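Coordinate analysis (summary)
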Amino acid sequence: MSYVPSTGDQRKEMLAAVGAADYADLYKDVPAEALLNRPLDLPEGMSELEVGKAMSAMAAKNVLFPTVLRGAGAYDHYIPAVVKSIPNKEEFLTAYTPYQAEMSQGVLQSIFEYQTMICEITGMDVSNASVYDGASAAAEAAAMCRDRKRRVTLISASSHPDTINTVRTYCYGTGDELRVVPVKDGRTDLEALKEMLGADIASFYVQQPNFYGQLEEVEEIAGLVHEAGAMFVMGANPISLGILKSPRECGADVAVGEGQPLGMPIGYGGPYLGFMATTAKNMRKLPGRIVGETVDDKGERCYVLSLQAREQHIRREKASSNICSNEALCALTAGVYLATMGPEGLKEAASQCMAKAHYLAKELTKIEGVDLVFTGEYFHEFVTTLPKQDEVLKALEDAGILGGFPVKEGVLWCATEKVSKCELDRAVSVVKEVLAK
Amino acid sequence: MKLIFEKSVAGRHSDILPKCDVEPVELSARFARTDAPALPEMAEVDVARHYTELNDRVHGVNCGFYPLGSCTMKYNPRIDEDMAALPGFAGVHPLAPDYATEGCREVLETAKKYLCEVSGMDDMTFQPAAGAHGEFTGVLLIKQYHDARGDKKRTKIIVPDSAHGTNPATAAMCGFEVVNIDSAPDGCVDLEALKNALGEDTAGLMLTNPNTVGIFDPNILEITRLVHEAGGLCYYDGANLNAIMGVVRPGDMGFDCVHMNLHKTFATPHGGGGPGAGAVGCKDFLKEFLPRSVVMDGEGRIQVRSFAGNFLVTVRAVTYLLTLGREGIPEASQNAVLNANYLMRAIQGSFDLAFDRTCMHEFVLDLSEYKKETGVSALDVAKSLIDYGMHPPTMYFPLIVHEALMLEPTETESKETLDEAAAIFRKLYELGKTDPEPMHAAPHHAQIGRPDEVGAARHPVLRWQKPEE
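Everything numeric here is computed off the predicted structure, so don't read it as measured data.

1. Observations regarding the overall build of chain A
Within chain A one finds 15 helices and 16 strands. With the C-alpha coordinates of chain A rotated into their principal frame, the extents come out at 80 × 55 × 50 Å. For chain A, with 437 residues in total, the buried portion stands at 67%. Of the contacts formed within chain A by residues at least 6 apart in sequence, a portion of 69% connects residues at least 24 apart. As displayed, chain A offers around 14,300 Å² of accessible surface, 52% of which is attributable to carbon and sulfur atoms. Between the mean site of the 43 positive side-chain charges and the mean site of the 59 negative ones, chain A shows a separation of 2 Å.

2. Considering empty space enclosed by the protein
One simple way to see leftover space: roll a probe sized like a water molecule over the atoms. All names here are of chain A. Scanning all chains against the criterion turns up 7 cavities of 30 Å³ or more. The volume enclosed by the largest cavity comes to roughly 320 Å³. Taken together, 25 residues make up the lining of the largest cavity; nearest its centre are G73, Y75, H160, Q207 and E258. Of all the secondary-structure elements, those providing two or more residues to the lining of the largest cavity are helix 7 (134–145), helix 8 (161–174), strand 7 (201–208), strand 8 (231–236) and strand 9 (254–258). No other element matches strand 7, which puts 3 residues into the lining of the largest cavity. Broken down by class, the residue content of the lining of the largest cavity amounts to 9 nonpolar, 12 polar and 4 charged. Counting contributing residues per domain, the lining of the largest cavity is built from domain 1 (67–74 + 343–436) and domain 2 (81–335), each supplying no fewer than three.

3. A word on the side chain of R450 of chain B
Residue and element names in this part refer to chain B. Residue position: R450 is located in the loop between helix 15 (437–440) and helix 16 (453–458). R450 gets classed as buried once you look at its relative accessible area, which sits at 16%. There is a polar contact of 3.0 Å between the side chain of R450 and the side chain of D380. Side-chain polar atoms of R450 contact the backbone oxygen of H440, separated by 3.2 Å.

4. Some points on the layout of surface pockets
If you add up the space inside the second largest pocket, you get close to 930 Å³. What lines the second largest pocket is a set of 37 residues, among which I79, K84 and P265 of chain A together with A85 and A90 of chain B lie closest to the centre. Residue composition of the lining of the second largest pocket, grouped by class: 24 nonpolar, 6 polar and 7 charged.

5. What to know about the domain arrangement of chain A
All names here are of chain A. Taken domain by domain, chain A holds domain 1 (67–74 + 343–436) and domain 2 (81–335). Averaged C-alpha coordinates put domain 1 and domain 2 at centres separated by 29 Å. In this assembly, 24 residues from domain 1 lie in contact with 21 residues from domain 2. A combined buried area of about 1,800 Å² lies between domain 1 and domain 2, and 66% of that area is made up of carbon and sulfur atoms. Per-residue buried area on domain 1 facing domain 2 is highest for L346, F374 and F379; these three make up 31% of the total on that side.

6. Structural notes on the interface of chain A and chain B
Each partner contributes residues to the interface: chain A has 186 residues there, and chain B has 211 residues. Between chain A and chain B, roughly 16,900 Å² of surface is buried when both sides are summed, and carbon and sulfur atoms account for 62% of that area. The interface formed by chain A and chain B includes 14 salt bridges. The partner of K356 of chain A in a salt bridge is D21 of chain B, with the nearest N and O atoms 2.8 Å apart. Summed over the shared surface of chain A and chain B, the result is 106 residue pairs in polar contact (both at pLDDT 80 or more). Considering each element in turn, the side of chain A that touches chain B owes the most residues, 23 residues, to helix 13 (residues 328–364) of chain A. Taken together, the residues of the side of chain A that touches chain B break down into 92 nonpolar, 50 polar and 44 charged.

7. Here's the deal with the packing of helix 1 (residues 8–17) of chain A against helix 14 (residues 415–434) of chain B
It is at 11 Å that the axes of helix 1 of chain A and helix 14 of chain B come closest, and there the two elements cross at 40 degrees. Classified by the angle between their axes, helix 1 of chain A and helix 14 of chain B sit oblique to one another. Seen from helix 1 of chain A, the contacting residues are Q10, E13 and M14 of chain A; seen from helix 14 of chain B, they are K415, E416 and L418 of chain B.

8. With respect to the sheet that holds strand 8 (residues 363–366) of chain B
Residues and elements named next belong to chain B. Across the sheet, 3 strands lie side by side as 8-10-9; this open sheet has antiparallel pairing. Looking at strand neighbours, the two that pair on one side only are strand 8 and strand 9 (394–395), the edges of this open sheet. In terms of strand pairing, strand 9 meets strand 10 (residues 404–407) through 2 bridges, oriented antiparallel. Of the residues in strand 10, the one forming a bridge with M395 is L405. Helix-sheet contacts for helix 13 (residues 378–386) involve strand 9 and strand 10, and the interaxial angle to strand 10 is about 40 degrees.

9. Observations concerning the packing of aromatic side chains
For the coordinates displayed, the defined rule picks out 18 aromatic pairs over all chains. An angle of 85 degrees between the planes, with centres 6.2 Å apart, marks the rings of Y272 of chain A and F307 of chain B as edge-to-face. Linking Y272 of chain A in the loop between strand 9 and strand 10 (274–278) with F307 of chain B in the loop between helix 10 (294–297) and helix 11 (311–347), this pair reaches from one chain into another. Residue classification places Y272 of chain A among the buried positions, given a relative accessible area of 0%. On the numbers, 5.5 Å between centres and 50 degrees between planes, the contact of Y378 of chain A with F382 of chain A is tilted. As far as the burial class goes, Y378 of chain A and F382 of chain A line up, both buried. Counting every residue linked through ring pairs, the aromatic cluster contains F351, Y370, F425 and Y429 of chain B. In this structure, K394 of chain A is placed above the aromatic ring of Y99 of chain B, and the distance from its NZ or CZ to the ring centre is 5.3 Å.

10. Some thoughts on unusual backbone geometry
Residue P271 of chain A follows G270 of chain A across a cis peptide bond; omega there is 5 degrees. Along the chain, the position of P271 of chain A falls in the loop between strand 9 and strand 10. The linkage connecting G274 of chain B with the following residue, P275 of chain B, adopts the cis geometry, with an omega of 5 degrees. Relative to the elements of secondary structure, P275 of chain B occurs in the loop between strand 6 (257–261) and strand 7 (278–282). Positive phi values are uncommon outside glycine, yet N37 of chain A reaches one of about 55 degrees. Turning to its location among the elements, N37 of chain A is positioned in the loop between helix 2 (23–26) and helix 3 (48–60). The backbone phi angle of A267 of chain B is positive, close to 65 degrees, even though this residue is not glycine. Mapped onto the elements, A267 of chain B comes out in the loop between strand 6 and strand 7.

11. A short note on the sheet that holds strand 15 (residues 405–407) of chain A
Residues and elements named next belong to chain A. Pairing is antiparallel across the open sheet formed by 3 strands, whose spatial order is 13-16-15. Two strands lie at the open edges of the sheet, namely strand 13 (381–384) and strand 15, each paired on one side alone. The average undirected angle you get between the axes of adjacent strands in this sheet is 30 degrees. With 4 bridges joining them, strand 13 and strand 16 (residues 410–414) adopt antiparallel strand pairing.

12. Observations regarding the nonpolar core
If you look at the biggest cluster of nonpolar residues, it comprises 115 residues, and the most contacted ones within it are M55 of chain A together with F89, L194, F266, L365 and F425 of chain B. Counting residues per element, this core draws most heavily on helix 11 of chain B, at 19 residues. A domain-level breakdown of this core finds at least three residues from each of domain 2 (78–322) and domain 3 (328–454) of chain B. F425 of chain B has contacts with I347, F351, L365, V381, L385, M390, P393, L405 and L407 of chain B, leaving out every residue within four places of it along the chain. Of all hydrophobic cores here, the second largest spans 71 residues; its members include A101, I239 and I243 of chain A together with M42 of chain B.

Thresholds, definitions, all that
Residues numbered from 1 in each chain as written. Chains lettered and ligands numbered in written order. Predicted model: local features only at pLDDT ≥ 70, side-chain atom pairs only at ≥ 80, totals over all residues. Heavy atoms only, no water. Helix = DSSP H or I, 4+ residues; strand = E, 2+ residues; numbered from the N terminus. Buried < 20%, exposed > 50% of the residue type's maximum accessible area, 1.4 Å probe, protein only. Contact = heavy atoms within 4.5 Å. Areas by Shrake-Rupley, 256 points an atom, 1.4 Å probe, with all protein chains shown as cover. Lys, Arg positive; Asp, Glu negative; His and termini not counted. Charge placed at Lys NZ, Arg CZ, Asp CG, Glu CD. 1 Å grid on protein atoms, 1.4 Å probe; cavity = no way out; pocket = protein on both sides within 12 Å on 5 of 7 lines; lining within 4 Å. Points joined across faces, edges and corners; volume = space filled by probe spheres on them. Nonpolar A, V, L, I, M, F, W, Y, C, P; charged D, E, K, R; others polar. Domains from an automatic or database assignment. Polar contact = N/O pair within 3.5 Å; in protein donor to acceptor, adjacent residues only side chain to side chain. Buried area = accessible area lost by both parts, 1.4 Å probe. Salt bridge = Lys/Arg side-chain N within 4 Å of Asp/Glu carboxyl O. Axes fitted to C-alpha atoms, helices over the stretch in contact; angles between N-to-C directions. Parallel < 35°, antiparallel > 145°, perpendicular 65-115°, else oblique. Pairing = 2+ DSSP bridges. Phe/Tyr/Trp six-rings, centres within 6.5 Å; stacked < 30°, edge-to-face > 60°. Lys NZ or Arg CZ within 6 Å of the ring centre and 35° of its normal. Core = buried A, V, L, I, M, F, W, Y, C linked by side-chain atoms within 4.5 Å.

The structure is reproduced here in structure tokens:
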């Protein structure tokens, strides 16, 4: 099956109409030595019924955990039913990038609304239509902050390891240097940061909360960075922004983050959503698609892709980035999520994440040998020591609980609003049981 | 229509979460937010109706013909969506233990097996999230290859002037100087221009074949041989792969690495601008340079985003690949090419073809003479098509054809749709000669009239502002 609707007779008729004896005639420009000239070495095609079974069999080989206490960059939040159904509408789903504003107002307006919501939660002035994920957003932000004199990027070692490596890779691309600022007690070492800042530093990136769940002293950091004349790029967990100070309030010049918690399934890593917002001053440096409001020839309000002079199809090698396709449907999902939750719902989700994580930490650390590794305040993730780590995690998995993520310093636990007290108590009792043995 | 914020009613909300069943925790004041974001306050029904109203103002592949050249707007099978939504895929944590993610890894292995066979490559990554992201990854393979050999003099990437804008932008992001070479009049590589550009400083060539005017470059073997002879590598931009699957492979044309747009060629939906997926394949000698995730696979490799990429997009593409299989894959390409040729010949005799020869999966109309004669531009024709419920072709691309309209019908359109589309083009052709005035102001029956794009760029309004109280 190939989803080709024309019948055998029609195909013959069409071949005749273009003066071709057969399909091979259409490929006369291909040099004979390059032709494959054999069938693909692949299985025969399948009917829809068969393919459904084959894919379901693969899905069944994965083990699902009803309770997830692991985050580390992929967060298992509750996804309201309406947030699942709306992005599945066939028109939203099957449209291309809204190049033709006259028949894409729905997509354009949804992006404009998403941009507004991102500005609201981050406190920034301008958001783009999205980038690929939080890690590439951090890398794009670092690129956006570099100018002719300031080429070096600083990043905190407390950032997600995938983010550090992605920023490093983008820096490798342009031949620019990345320096990693060390961590002290699970947070950025501010003394070290002070020493590393200088006239050649373009920007410093830190995420709030950081990879270990700890809250960074972001306002103090912003002060140090600005004093050195550099830009402050702040990564943010969007759910946490229901209760945490916005990046703008903290002094960020660019706010980025992983938007997955806003209604996207953990999905083995993607598709996720990179959000990216900045101040009005830096508007024209922002990469990616941006939707703007305008009027049509009758004076009616409408929306278009705007500020395109920054982009690759106009600027080619001088563009601010090569990005074109981004994560529009994920941005739509985030918009629907934020509209459904509203300001109160977002705050409630954030408060519950924090409350559950603290309850879990309190109960776990009552167990002998389980202690918090870091001393700072945290949001919904924390690191503990854990004796018999492999055995404990396996016992949790056998009980349907995906436990914390093993890191160098111990185990990184996460709790979201999705887990109930009862689930947390069960997890704690499994840990207790194994360690009592 | 109203913006979602203009429908917000203070105090209105949906009840989604239960009451908190553990004791609340207070943040220190220096971390705590004091102002609530001005998100909309709505009941679920308000949200559902708002987005349904927006959805009614979107033209998707399911609404009608979408011959947007270079974008391969083929039908997106519904079964692919069902498979991606299976909890057994959607609910898997990327950092779950290996035994719990066996099915996900089988999906990636299957995708690799099929796509390596289709592209003639030996290994593949699914980390890149889109075509341009794939280009970035692919050109970084080239950079790492030269670096690993200590070959520091290779600072230039050659890009024909007919290339997609992402090609030069990508080369620049990878730190290369871009050498633009003029295309031959048929959009193919000018061998003399290529020879003159090649040298000891050549890192590689970025090329799409069939090229951006829909012609398969007959000199392709000579082109890749010349680049290799100069010590450079050849990068295949897979944007136009839908023309050639199962017929000829980038690997057999002499390319060393390639990206494929799963959201074009492999039928995953484009979602109004992503998420896509830009799988990158390479020959054996480059595989040690493919990206990995630090948290999933450890240190030591490049990485272009977190985790394993847009996995659920790959699930859709694998569903599609399994469905098509050995015969269906070439059948899709052959009919994409047949449909393009059929539509091109059906339009011929009205608007001028930029190149009057057999095309691949897409072709370009050149309206420069027509515009001189009637004053009707490619833009006017494109906008007039909207009134007929058809999405316009790609406009003013490639840059080497003036007043270009580029049409790519794909294989999933029937003969009836193509006949109807050709009739509309012919009708507009006549209309432009007899009564061009309305065409300058088209569309007349769309969601909006022509928008003021210049005004939008000059006075940017990029977000809604709460009105002053």
